[in-house]
Amino acid sequence: MNYLLPDYVKSIMAALKERGFEAYLVGGAVRDILLEKVPEDYDVATSARPEEVIETARNAGWGVVDELGRNFGVVMVVVGEKSVEVTSYRGESYGHDAHRPEKVWYCGELKDDLARRDFTINSIAMSIDGTFIDYFNGIEDLKDKKLRTVGPAAQRFAEDALRMFRACRFLAQLGVKGEPEVFTAIAEQLPRVGGLSLERVRTELNKLMLGNFVELGLEALVRSGLAAQSCRQREKGKLLQVPILPEL
């Protein structure tokens, strides 16, 4: 496959590499490239720490936005009118919050960073020269239309309950088939859904409804029990439980 990255993405990766840091394209953009689609946005993972990313960007004359994501190792680098999320290699652990990690720390290896991600098809990296790095067989799963988690599904969903809705969304968008372990784990982790915000859940459902295989996503929501759950919304200082899809 010979995919040409946009110049603004290549320039960011090249600038980091020139300073001796690793830099790889990661996430949904890599998945889209493998599916021969044009990505809507691009994310870069790097061995550089946030302050080093900021210094690299400013030396190149680019803008940076770091106030919102700095605690999570994320810096938005702005090249002209285009922006790229540049994230330092990191690990994370979860507590009572159903979506946000409780602790985040930096790690030195790409594999460790990819290991924290949700599904194998989202854990593939691509170098600036187009080489794919696939520690968890995500490319094979994408070809076979399989949706598997990176590591035990129950652990991934216990960490971040929104991943359960993301699973249904990917079925709707990509026409993949969730492995039995995925749905078994969702059934075990349904109580975690109550801690998710309505805004986060709505975003996933909107993306699901725009998928080319929407019937697969909706069927998964019902079969898994997710459609019958409630999430939370703050109104007038009070947290209310809101049914997700009682119509289904």
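If you're wondering where the values come from, they're calculated on a predicted model, not measured in any experiment.

S.K.: Give a detailed account of unusual backbone geometry, specifying residues and quantitative values.
M.R.: Negative phi is the rule for most residues except glycine; trans is the rule for most peptide bonds. Even without glycine at this site, Asn137 takes up a positive phi of about 60°. Looking at the element boundaries, Asn137 is found in the loop between β9 (132-133) and α5 (138-144). The class for Asn137 is partly exposed, based on a relative accessible area of 42%. Backbone geometry at Lys236 places phi at a positive 50°, although glycine is not the residue there. Mapped onto the elements, Lys236 comes out in the loop between β12 (230-235) and β13 (238-243). The class of Lys236 is exposed, set by a relative accessible area of 88%.

S.K.: Explain the packing of aromatic side chains residue by residue, including any values.
M.R.: The final tally for this structure, using the stated rule, is four aromatic pairs. With centroids separated by 5.8 Å and ring planes inclined at 85°, the aromatic side chains of Phe119 and Phe170 adopt a geometry described as edge-to-face. Of the two residues, Phe119 sits in the loop between α4 (110-115) and β8 (125-126) while Phe170 sits in helix α7 (residues 162-174), which places them 51 residues apart along the sequence. You'll find Phe119 and Phe170 in the same group, each marked buried. Here Tyr135 and Phe136 contribute two aromatic rings whose centre-to-centre distance is 6.4 Å and whose plane-to-plane angle is 65°, an arrangement assigned as edge-to-face. Linked through ring pairs, Phe119, Phe157 and Phe170 together constitute an aromatic cluster. The aromatic ring of Phe170 is capped on one face by Arg169, whose charged end is 4.6 Å from the ring centroid. Above the face of the Phe183 ring, Arg223 is positioned so that its terminal group lies 4.1 Å from the ring centre.

S.K.: With reference to specific residues and values, describe the nonpolar core.
M.R.: With 63 residues, the main nonpolar core has Leu25, Val77, Phe165 and Leu226 as its most contacted residues. Of all the elements, α7 adds the most residues to this core, at nine residues. Here Leu226 is in contact with Met164, Phe165, Cys168, Ile186, Leu190, Val193, Leu221 and Ile244, once residues within four sequence places are set aside. In terms of nonpolar packing, the next biggest core, distinct from the first, is built from eleven residues, Tyr89, Cys107, Leu110 and Ile133 among them.

S.K.: Could you give an account of the packing of α7 against helix α9 (residues 198-209), with specific residues and numbers?
M.R.: Orientation of α7 relative to α9, taken along the N-to-C sense of each, is 10°, at an axis distance of 8 Å. Put simply, α7 runs roughly parallel to α9. Contacts from Leu162, Phe165, Arg166, Cys168, Arg169, Ala172 and Gln173 in α7 reach Arg200, Val201, Glu204, Leu205, Lys207 and Leu208 in α9. Looking at the contact of α7 with α9 residue by residue, the class counts come to seven nonpolar, one polar and five charged.

S.K.: Which residues make up the state of the cysteines, and what values go with them?
M.R.: Taken as a whole and assessed by the stated rule, the structure comprises zero disulfides. Take Cys231: it sits in no disulfide, and the sulfur closest to it among the cysteines is that of Cys168, at 14 Å. Judged by relative accessible area, Cys231 falls into the buried class, the value being 0%.

S.K.: Please provide a residue-by-residue account of the sheet that holds strand β1 (residues 23-26), values included.
M.R.: Spatial strand order, β3-β4-β5-β2-β1-β8-β9: seven strands in an open sheet with mixed pairing. Strands at the two margins of the open sheet, each flanked by one partner only, are β3 (63-65) and β9. Pairing analysis gives four bridges linking strand β2 (residues 43-46) to strand β5 (residues 82-88), with the strands arranged parallel. Bridge pairing in β5 places Asp43 opposite Glu85. In the packing of helix α1 (residues 7-18) onto the sheet, contacts are made with β1, β2, β4 (74-79), β5 and β8, and the angle to β5 comes to roughly 35°. Against the sheet, helix α3 (residues 50-59) contacts β2, β3, β4 and β5, and its axis sits at roughly 10° relative to β4.

S.K.: Help me get a handle on the pattern of salt bridges, residues and values and all.
M.R.: Applying the stated criterion across every chain yields a total of ten salt bridges. When the shortest N-O distance is used, the salt bridge between Asp7 and Lys10 registers 3.9 Å. Here Lys10 and Asp7 lie together in helix α1, a separation of three residues that amounts to about one turn. For Arg169, the salt bridge goes to Glu204, with nearest N and O atoms at 2.8 Å. Placement of Arg169 in helix α7 and of Glu204 in helix α9 is noted, with a sequence separation of 35 residues between them. Under the relative-accessibility criterion, Arg169 is labelled buried at 7%. For Glu204, a relative accessible area of 5% puts it in the buried group.

Scoring rules and cut-offs
- Residues numbered from 1 in each chain as written.
- Predicted model: local features only at pLDDT ≥ 70, side-chain atom pairs only at ≥ 80, totals over all residues.
- Heavy atoms only, no water.
- Helix = DSSP H or I, 4+ residues; strand = E, 2+ residues; numbered from the N terminus.
- Buried < 20%, exposed > 50% of the residue type's maximum accessible area, 1.4 Å probe, protein only.
- Phe/Tyr/Trp six-rings, centres within 6.5 Å; stacked < 30°, edge-to-face > 60°.
- Lys NZ or Arg CZ within 6 Å of the ring centre and 35° of its normal.
- Core = buried A, V, L, I, M, F, W, Y, C linked by side-chain atoms within 4.5 Å.
- Contact = heavy atoms within 4.5 Å.
- Axes fitted to C-alpha atoms, helices over the stretch in contact; angles between N-to-C directions.
- Parallel < 35°, antiparallel > 145°, perpendicular 65-115°, else oblique.
- Nonpolar A, V, L, I, M, F, W, Y, C, P; charged D, E, K, R; others polar.
- Disulfide = S-S within 2.5 Å.
- Pairing = 2+ DSSP bridges.
- Salt bridge = Lys/Arg side-chain N within 4 Å of Asp/Glu carboxyl O.

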